[in-house]
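Here are the chains, one letter per residue:
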Amino acid sequence: MKHTIYLDLNRCTGCYACVVACMDQNDLQAGQGQPLWRQIFIVEDGTFPDVKVTFVSMACMHCQEAPCLRTCPAGAIKKEAGVILVNQDLCIGCYSCSMACPFGVPRFGQDGKMQKCNLCIARVEAGLEPACTRICPTGALKFGEINEMMMQAETNTIKRLVNSRVTSITRG
Amino acid sequence: MRDNNLLRGKIPCADTGIEIKKSICTICDPQSQCGVDVYVKDGFIIKVEGTKENPHNRGTLCAKGSAIRQYIYHKERIKTPLKRIGSRGAGEFEAISWDEALNTIATTLTHIKEKFGPEAVVFYAGYAKWERPFLHRLAHAFGSPNYCSESSTCAQAVNMAWKLLFGAPARPDIKNARCLLVWSCNPFYSNTSLAHSIIDARERGLKIIVVDPRYTPMVAWSDIHLQLKPGTDGALALAMANVIITEELYDRDFIHNYTYGFEEYREYVKEFTPERAELITGIPADNIRMAARLYATLKPAAFMTGQASVVHHTNGVNNYRAALALIALTGNYDVFGGNLVMPTSYLYIPAGFMTREHEYYQVKPWEEMPPRIGQDKFPVWCELVDEGQSMHLPFQIELGKPYPLKAMLAFGLNYRMWPDPDFFLKNLQKLDFIVDVDLFLTDSAKYADIVLPACSSLERSELRCYIENFVIYTQPAIAPLYESRPDVDIIFDLAKRLELDDPLLAAGYEASLDWILAPSGIKLEELKKHPAGMPVPEPLKIYEKKYIHKGFPTPSGKVEFKSLLLEKYNSFFRYDVLPIYRPPKYSPEATPELAKNYPFILNTGSRLPMFIHSRTFRLSWTRNLRPEPAADINPGDARRLGITQGDIIRLATPKGAITVKANITKIVQPGVIHMYHAYPEADVNTLLEADYLDPVSGYPGYKAILCNIEKV
């Protein structure tokens, strides 16, 4: 059973609520060499008048076979209850993890050590959900057991498919 | 180790001593007021999140609300009352006591009243909005008609358009709608508590048409995007009406039984074929037809307005009348799933109960007071809105007519709200006495003689209600920081020191609220037992088509395609009685010569998700997401002008120029520049003339002027 954060790309509007909630939860001091643990990427496609903009809220994916963990020469990265965590006391700031990470997630603070999303593990252990999913206004970010969330996503897709067929009849 | 983890994770429990207090965020106001769970340890706020029990935000918050901790603990908060010792604007102040500050204010205002009359004192409400009924009453109890607010550029012109046409505004009933026409509104950034319900409805099969010059997240959820050129809303609306009338898709019964002036309107609408509208708006004629058919045939259809986007034009009210006329044409007014008339409960929000808010603030009828600011210039505003028109304020100070203004008691004044802010500032300084109440020593507060420190919503008690028939009376999550006080405490204290003969102002805030709430049967005593808020007991049932029995509160008693109120003033003011389309005063259509040198349309004042006006500018969490003033430019335009991302560009109008960074983005259409407002270092409002106003509402034409850009 893997609990994780899932992003419904259709629902993300790039409102930054998750980004700020993460800073508030983790006391990140933005603007003082402090990297963000969660970020918004805006992908623009097409040309006027046929434009599509996609927003992506990104943080650590907490991979099951985490390349960062396998690469870290200092043993600073570990997996605990499915969550990839960094022990900053052990981190030597060698950037191996950043080279290994397929998502470009690792960031380094002014102390040169790696930091990233810890899935709000203390909150999760206390039965709460991560700050970012808790705040999300559109329900784009979700926290839960992966297969359950995929089931929900599938159901939503089916709903949309059915609705669009009904609609085309109405439009007829 | 375990406790350490709990503390680091800010887990509320006995071990950590972290408690959750219930409050609300009022950083944006007044449609949201999201419930906030405030994590407090040893009297300090360490984290916030949305309140799950609050049916409006359902546990969510936006980027601004999530940053409220930085707002509250910001090092620039004013700690004590201040008295100016340097020149106006220099920012040199000395700390004084509350007693000295309030006594000075009371004495000076009383003196001005005796010498020049009470009307010489302006009572002004910027942000926040919670203190408004009390400040409004204070103004009238003092004898001044001049209660003014930032509503002079916000949502009141939209209400004017509603009232001119229907007599009363009506809200979109999205839950029951099959089609939603969104006319320039992006709640995903401006009112995120609405986001969930729109997406849920969309996934349920709601059809969405969005009118917007930009590609916004709202557009991403639309079936049809009508991407018009800024300022051409009226032409688009009239062309949609043309299609609906020509193809006989309109509601004949509704038109026949409940409307006035349809024949003249129909004649006028004939001029606006979709092909002609395509030339004006840039939207393909077939898309206009498709949208008109969809809105007219997929019933019920709701219409969602923005607060200010369409009315920030020199023809704003008439453009919006043209758009709202589509609701009349299709009979979607006051029906479930269309737009429903819901009586306002308190502070602009309908919440299923009646109050005496209006009776509370309007202690004196307008006729018994001297004319309001702007009354001779914007008479229709004064007929429809219970305040002065603040856009005229600098002009009245300058002219001294019909009477001189001498003092201002302001809450949250921001002079950058006015077009040509320097003109406003020049005249503001002619006042003998200025008081400003704020959390921060803003650039506007620096011009005040006395500055008073207010506190945030998390440090006070206030009454708010929600459209979901929910009501809350908050308790402070923490005590007011430093010597700051809630705005209303200042108002009620001043009322005493001014020795006004007003029993409710003498009785205080809570007694006033109980008086206001009396018709609802809701008492503060009961509300205090529910710190996270409570459902309104036995909420009023909303019925549709109330007009069948009650008619419409317009001069004719009908829906007015032809406004009798505008006709009343049109001999002198030359108002258009029909919703006539006129291009923006400065536009390629109206001023082609000017457009040769200023070939771009400049649209200002849109929302970025992390800012509402300048309110979260100083917070590093939000500011660092978009640190510098930047104008949005279409990639094609940028390429043509040799501008690349992040280049410094000069943005110029005939009035002036500012220097900003270029942000190249496809959300903007070619030929249009979007610049965000309120930056001290690049104030886009300085590019407008002070009288670039809609003659009906007095609203500034922020959303369409001509400009040029060049790489510096």
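Our subject is the structure listed above.
Nothing here was measured: the structure is a model prediction, and the numbers come from that model.

**As for the packing of aromatic side chains**
Residue and element names in this part refer to chain B. Applying the stated rule across the entire model yields 41 aromatic pairs over all chains. For the pair F134 and Y509, a centre-to-centre distance of 5.1 Å together with 75° between the ring planes defines the contact as edge-to-face. One end of the pair, F134, is in helix α5 (residues 132-142); the other, Y509, is in helix α22 (residues 509-517), and 375 residues separate them in sequence. Of the residues examined, F134 reaches a relative accessible area of 0% and is grouped as buried. With relative accessibility at 10%, the residue Y509 sits in the buried group. Considering the side-chain rings of W381 and Y699, the 6.3 Å spacing of their centres and the 50° angle between planes classify their relative orientation as tilted. Taken together, the positions of W381 in helix α17 (residues 379-384) and Y699 in the loop between β26 (672-675) and β27 (705-711) put the pair 318 residues apart, joining distant regions of the chain. Given a relative accessible area of 0%, W381 falls into the buried group. Three or more aromatic residues joined by ring pairs make a cluster, and in this case those are W130, F134, Y360, Y473, F492, Y509 and W515. Here the guanidinium or amino end of K47 rests over the ring plane of Y39, the centre of that ring lying 5.5 Å away. Geometry around F440 places R618 over its ring, the cationic atom sitting 4.2 Å from the centre.

**Section: the environment of L393 of chain B**
Residue and element names in this part refer to chain B. Tracing the sequence through the fold places L393 in helix α18 (residues 393-399). By relative accessible area, which is 1% here, L393 ends up buried. Each C-alpha atom of the pair L393 and K666 lies 39 Å from the other, and the pair is 273 residues apart in sequence. Those residues in contact with L393, other than ones at most four positions away along the chain, are V122, I373, L405, M408, W418 and F424.

**Side note on the side chain of S457 of chain B**
All names here are of chain B. For S457, the position within the fold is in the loop between β17 (450-453) and β18 (463-466). Relative accessible area serves as the criterion here: at 2%, S457 is assigned to the buried category. From its side chain, S457 meets the backbone oxygen of I24 in a polar contact 2.7 Å long.

Rules used throughout
Residues numbered from 1 in each chain as written. Chains lettered and ligands numbered in written order. Predicted model: local features only at pLDDT ≥ 70, side-chain atom pairs only at ≥ 80, totals over all residues. Heavy atoms only, no water. Phe/Tyr/Trp six-rings, centres within 6.5 Å; stacked < 30°, edge-to-face > 60°. Helix = DSSP H or I, 4+ residues; strand = E, 2+ residues; numbered from the N terminus. Buried < 20%, exposed > 50% of the residue type's maximum accessible area, 1.4 Å probe, protein only. Lys NZ or Arg CZ within 6 Å of the ring centre and 35° of its normal. Contact = heavy atoms within 4.5 Å. Polar contact = N/O pair within 3.5 Å; in protein donor to acceptor, adjacent residues only side chain to side chain.

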